Amino acid sequence: INEYGVTIYKNSTIRGFEGEKKIEKVILEHGTVLEADLVIISAGVLPNKELVEELGVKCNRGVIVNEKMETSVNGVYACGDMAEFNGKVVGLWDTAVDQAKIVAANIVGVEKMFGEKQQPLIFEGMGIKLISIGKIHYDGVVCDALEEIEHCEANYKKLFFENGKVSGGIIIGDISKGAELIKATRA
């Protein structure tokens, strides 16, 4: 990351911005001032739920749904970026597809239930390819782990196991086995 001229500020909060006509500086909580040409803020998904709220559908951050993806109004369903299941609006494509399949089945009378899946973090940029999913840190808890480092190829793999099952993992570099990691962690 450093080779790409990126500096990471960990445990930092933005206190504010400064500039005429456009943002020129970012001020961090601890006083550090960063020159800026562009600021991108990524803060998740905010569902547009006003219409359904007016119709009396129960909402919180999103439209509250049960495991059938049904809202508080019988026969009315929600999925994807709009749906809040177990207090979460996930906002990911594969989750939206899974939820839509549950909605479709229930609409035609085939009872299906939605179950949350562990979501992977997938990153590709600045010469880095990375996949991480599941439990990858255990605070004082004994678990089994398997680690492989290929220094010449800049590849790293670490799998974590609980009760003989893959509970999480990290792959950096060659992520061609990422789909298998995700499948094994979700099993």
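Residues numbered from 1 in each chain as written. Predicted model: local features only at pLDDT ≥ 70, side-chain atom pairs only at ≥ 80, totals over all residues. Heavy atoms only, no water.

### Considering the overall build of the protein
Along the backbone of the protein there are three helices and 10 strands. Each helix (α) and strand (β) of the protein, taken in turn from the N terminus, gives the series β-β-β-α-β-β-α-β-β-β-β-β-α. The C-alpha radius of gyration of the protein comes to 21 Å, more than 25% above the 16 Å expected for a compact globule of 187 residues. Referenced to the eigenvectors of the C-alpha coordinate spread, the extents of the protein come out at roughly 55 × 55 × 30 Å. Per-residue burial for the protein yields a buried fraction of 25% across its 187 residues. Carbon and sulfur atoms form 54% of the exposed surface of the protein, whose accessible area is close to 13100 Å². The average position of the 21 basic charges and that of the 28 acidic charges among the side chains of the protein differ by 3 Å. (Helix = DSSP H or I, 4+ residues; strand = E, 2+ residues; numbered from the N terminus. Rg over C-alpha atoms; globule rule 2.2 N^0.38 Å. Buried < 20%, exposed > 50% of the residue type's maximum accessible area, 1.4 Å probe, protein only. Areas by Shrake-Rupley, 256 points an atom, 1.4 Å probe, with all protein chains shown as cover. Lys, Arg positive; Asp, Glu negative; His and termini not counted. Charge placed at Lys NZ, Arg CZ, Asp CG, Glu CD.)

### Looking at helix 2 (residues 93–107)
The end-to-end C-alpha distance of helix 2 is 21 Å, a good match for the 21 Å that 15 residues give at a rise of 1.5 Å each. Where helix 2 is concerned, the buried positions are T95, A96, Q99, I102, V103, A105 and N106. Tucked into the core, helix 2 has its buried residues touching strand 5 (83–84). Of the residues trailing helix 2, G109 is marked for its positive phi of about 95°. (Expected span 1.5 Å × (residues − 1). Contact = heavy atoms within 4.5 Å.)

### Some words on a nonpolar patch on the surface
Together, I14, F17, I23 and I41 line one region of the surface with nonpolar side chains, adding up to about 360 Å² of accessible area. Given the relative accessible area of 31%, I23 is considered partly exposed. (Patch = residues over 30% accessible without salt bridge, like charges linked within 9 Å, V, L, I, M, F, W, Y side chains within 5 Å. Salt bridge = Lys/Arg side-chain N within 4 Å of Asp/Glu carboxyl O.)

### What about helix 3 (residues 178–186)?
Residues separated by three or four positions in an α-helix point in the same direction, a consequence of the helix having 3.6 residues per turn. Within helix 3, the full set of buried residues consists of G178, L181, I182 and T185. The arc that holds the buried residues of helix 3, viewed along the axis, is 95°, so those residues lie on one side. Exposed and facing more than 90 degrees away from the buried side of helix 3 are A179 and K183. (Arc of directions from axis to C-beta.)

### Notes on unusual backbone geometry
The residue K21 is not glycine, and still its phi comes out positive at about 45°. As for its placement among the helices and strands, K21 is situated in the loop between strand 1 (14–18) and strand 2 (25–28). Under the relative-accessibility criterion, K21 is labelled exposed at 93%.

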